[in-house]
Amino acid sequence: MVHPARPLPAVLLACAATLWAGCGESHMTMDGDLKTAVKADLNGTVRLEGPIQIQMQGPVIRYEGIYISDELLDRVRIGETTDEWLLAVFGEPTSRTEMKDGSQIWRWTYGPTEQQASIVEVFGSTEKEPKLAVRSVFAHLRGGIVIEKWKG
């Protein structure tokens, strides 16, 4: 139950205004920012039968690639871990670069491909959008053995 002294959020106010439009003489206006101004003369009780569900969703971010956690990267032992182990555990790298000295640098990349705004942003939230970063993990191999690893 909503306490009459507490203001309704804009979404609920817009829904209520739509329902009240058929209850006698009422006026509802909406501008491009989804702000509402409702003037209604309601005599009697307004009853909403439920259940009433309001679903709010945060931002949706889709990622692509192979995510390698810090804990998994810590399992790679310099001078011991093989290319075969990397392929079995991490999967095929995003890219492989052959160096002049015959060594290779393998890279696994994981990053955002799409972001959809949340309902809060639609209604003018002042919160800043999260910074989306690409995560890459690198392994430097010589003779099929890891000689260096890092993330960036």
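Our subject is the structure listed above.
Just so you know, these numbers come straight off a predicted model, no measurement behind them.

Rules used in this analysis
- Residues numbered from 1 in each chain as written.
- Predicted model: local features only at pLDDT ≥ 70, side-chain atom pairs only at ≥ 80, totals over all residues.
- Heavy atoms only, no water.
- Helix = DSSP H or I, 4+ residues; strand = E, 2+ residues; numbered from the N terminus.
- Polar contact = N/O pair within 3.5 Å; in protein donor to acceptor, adjacent residues only side chain to side chain.
- Contact = heavy atoms within 4.5 Å.
- Phe/Tyr/Trp six-rings, centres within 6.5 Å; stacked < 30°, edge-to-face > 60°.
- Salt bridge = Lys/Arg side-chain N within 4 Å of Asp/Glu carboxyl O.
- Buried < 20%, exposed > 50% of the residue type's maximum accessible area, 1.4 Å probe, protein only.

Enquirer: In this structure, what is going on with the side chain of Ser 103? I would like to understand it.
Expert: Looking at the element boundaries, Ser 103 is found in the loop between strand 4 (95-98) and strand 5 (104-116). Polar contacts involving the side chain of Ser 103 include one to the side chain of Asp 101, which spans 2.6 Å. Among residues more than four places away in sequence, those in contact with Ser 103 are Thr 97, Glu 98, His 140, Leu 141 and Arg 142.

Enquirer: In this structure, what is going on with the packing of aromatic side chains? I would like to understand it.
Expert: Following the criterion strictly, the structure yields 6 aromatic pairs and no others. Taken together, a centroid distance of 5.0 Å and an interplanar angle of 5° make the contact between Tyr 63 and Tyr 110 stacked. Remark: Tyr 110 occurs in strand 5 and Tyr 63 occurs in strand 3 (residues 60-65); sequence separation between them is 47 residues. Ring centres 5.1 Å apart and planes at 90° place the aromatic pair Phe 90 and Trp 108 in the edge-to-face group. Here Trp 108 lies in strand 5 and Phe 90 lies in helix 3 (residues 83-90), a separation of 18 residues in the sequence. Each residue in the set Trp 85, Phe 90, Trp 106 and Trp 108 is aromatic and connected to the rest through ring pairs, giving one cluster.

Enquirer: What am I meant to see in the pattern of salt bridges here?
Expert: Once the charged atoms of two side chains with opposite charge are near each other, the side chains can pair. Taken as a whole and judged by the stated rule, the model has 4 salt bridges. The partner of Asp 70 in a salt bridge is Lys 151, with the nearest N and O atoms 2.7 Å apart. With Asp 70 in helix 2 (residues 70-74) and Lys 151 in strand 7 (residues 145-151), the pair connects residues that are 81 residues apart, well separated along the chain. Among the residues examined, Lys 151 registers a relative accessible area of 44% and is labelled partly exposed. Close ionic contact of Arg 96 with Glu 92 constitutes a salt bridge, the shortest N to O distance being 2.6 Å. One connected set of salt bridges, linked through shared partners, spans Asp 70, Arg 135 and Lys 151.

That is the geometry; function is a separate question.
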